[in-house]
Amino acid sequence: MLHPLHFILCEDTMKLFKSLLIAPAALGLMAPVAVNADTAFSPTTKFKGSANFVVGSTNDHAKEGDELHSTYELKYKATSSFTGEDKLVVKYEMGNGKGMGLDAQSSKGSSPVMTDLYYSFPVSDDFTITAGPVMDGDEGLEGTASVYSDKAGVSLDYASLDGAGGAGVTFGYKGDAGWNASLNLTAEDGDSSTKGIFGDTGTNNTTAQLGYDGDGFGGAVTYLSSDANSSASDFTALGVGAYFMPESLPVSISVYYDSKDPDTGSTDDNWAVGIEGDAGPGTLGLGVGTISGTDGDKTKYEAWYAYKINDKTTITPIIWQQEDEGLSAEDETGAAVTVGFKF
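Residues numbered from 1 in each chain as written. Predicted model: local features only at pLDDT ≥ 70, side-chain atom pairs only at ≥ 80, totals over all residues. Heavy atoms only, no water.

### Re a nonpolar patch on the surface
Logical step 1: A cluster of nonpolar side chains, Val221, Tyr223, Leu238, Val240, Tyr257 and Trp271, forms an exposed patch at the surface whose accessible area comes to about 530 Å².
Logical step 2: Listed by contribution, the elements that provide at least two residues to the nonpolar patch are β9 (217-227) and β10 (235-244). (Patch = residues over 30% accessible without salt bridge, like charges linked within 9 Å, V, L, I, M, F, W, Y side chains within 5 Å. Areas by Shrake-Rupley, 256 points an atom, 1.4 Å probe, with all protein chains shown as cover. Salt bridge = Lys/Arg side-chain N within 4 Å of Asp/Glu carboxyl O. Helix = DSSP H or I, 4+ residues; strand = E, 2+ residues; numbered from the N terminus.)

### Description of the pairing of strand β6 (residues 166-174)
Logical step 1: With seven of its nine residues buried, β6 lies for the most part within the structure.
Logical step 2: The pairing of strand β5 (residues 127-135) with β6 spans seven bridges and is classified as antiparallel. Directly across from Ala131, in β6, lies its bridge partner Val169.
Logical step 3: Where β6 and strand β7 (residues 179-187) come together, eight bridges link them in antiparallel fashion. Each bridged residue has a counterpart across the sheet, and for Thr170 the counterpart in β7 is Asn184.
Logical step 4: Counting the residues that bridge the hairpin from β6 to β7 gives four residues, and of these Gly178 lies at a positive phi of roughly 105 degrees. (Buried < 20%, exposed > 50% of the residue type's maximum accessible area, 1.4 Å probe, protein only. Pairing = 2+ DSSP bridges.)

### Observations concerning the pairing of strand β15 (residues 313-322)
Logical step 1: The sheet contact formed by strand β14 (residues 299-310) and β15 spans eight bridges and is antiparallel. Directly across from Lys300, in β15, lies its bridge partner Gln322.
Logical step 2: Two successive antiparallel strands, β14 and β15, enclose a turn made up of two residues.

### Description of unusual backbone geometry
Logical step 1: In the Ramachandran plot, Phe198 falls in the positive-phi region, its phi being about 55 degrees despite a non-glycine side chain.
Logical step 2: Even without being glycine, Asn229 reaches a positive phi, approximately 55 degrees.
Logical step 3: In this fold, Asn229 is placed in the loop between β9 and β10.

In structure tokens, the structure reads:
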């Protein structure tokens with residue numbers, strides 16, 4: 001018969017093992033970049049940004065009014081490379097509201113908020129490590145579960161692709177034959193000295209993914225284990241996504257299925273289908289899916305048309321309907337126009 005101390009040691013050993021996995025990648029951020037003495041180079045930094053102006057209105061929204069209103073979203077991204085193969089990435093975001101729930105909206109506020117800070121470097125031709133004190137749980141994952149350009153949220157925020165931020169590291173493999181595999185370890189409370197990285201009181205996420213990207217088709221299977229050290233908050237989630245881009249038609253088809261299994265409560269199963277393709281001078285998109293967190297009972301529809309005025313400016317009208325999410329359980333409907341700029 002095993003002594004109870006055996007189980008305690010096993011649990012502590014697993015936590016120590018996870019910490020040791022993160023430590024080498026984190027130390028890599030502080031280590032100088034090694035180059036050959038006869039190789040001349042200089043760090044390069046690229047700065048990119050995007051701005052979205054949104055004008056629209058919702059009807060029968062459960063919380064928001066139905067008046068025509070306008071919001072903005074502004075994002076910045078700086079990428080620095082020291083060897084030409086690595087990258088240090090910092091992202092900032094700001095915005096004054098996400099009441100319509102559109103992808104082109106942000107609720108970060110009127111001051112820039114840093115959303116990502118990480119360093120990615122290749123260990124070999126097909127193996128990459130991404131690590132940082134602020135990064136999403138899906139950052140660095142090599143798989144592609146969908147190619148659909150979601151606008152109104154028919155397939156956003158699914159549990160298996162939760163992407164909860166924190167201190168983390170991702171180990172990514174991408175082979176020449178199209179297969180890829182990834183492992184992400186993220187501690188949402190990694191900046192807290194009282195909770196720490198994979199401590200006994202913080203929220204810690206482990207994401208594993210296996211995918212394939214072929215000629216015109218592919219997909220990924222993603223598994224997430226979220227441990228908040230609380231049976232009321234702990235859950236696992238499994239997501240399966242696939243996409244198809246036939247050569248004979250200028251369209252792409254993406255399908256995604258997601259299942260969240262909490263330690264306490266019932267399983268939440270949801271799905272989404274998105275189709276987009278060339279239509280005249282622009283791109284037409286149609287999407288339908290069930291809303292995450294409703295056990296597949298409520299369906300959302302969206303239709304949009306993206307038209308480029310020039311290489312850096314796109315106008316996108318969007319209409320959507322969300323079942324049973326409005327006032328008195330009525331269907332919520334909405335319409336908006338987004339003007340997006342890239343610089």
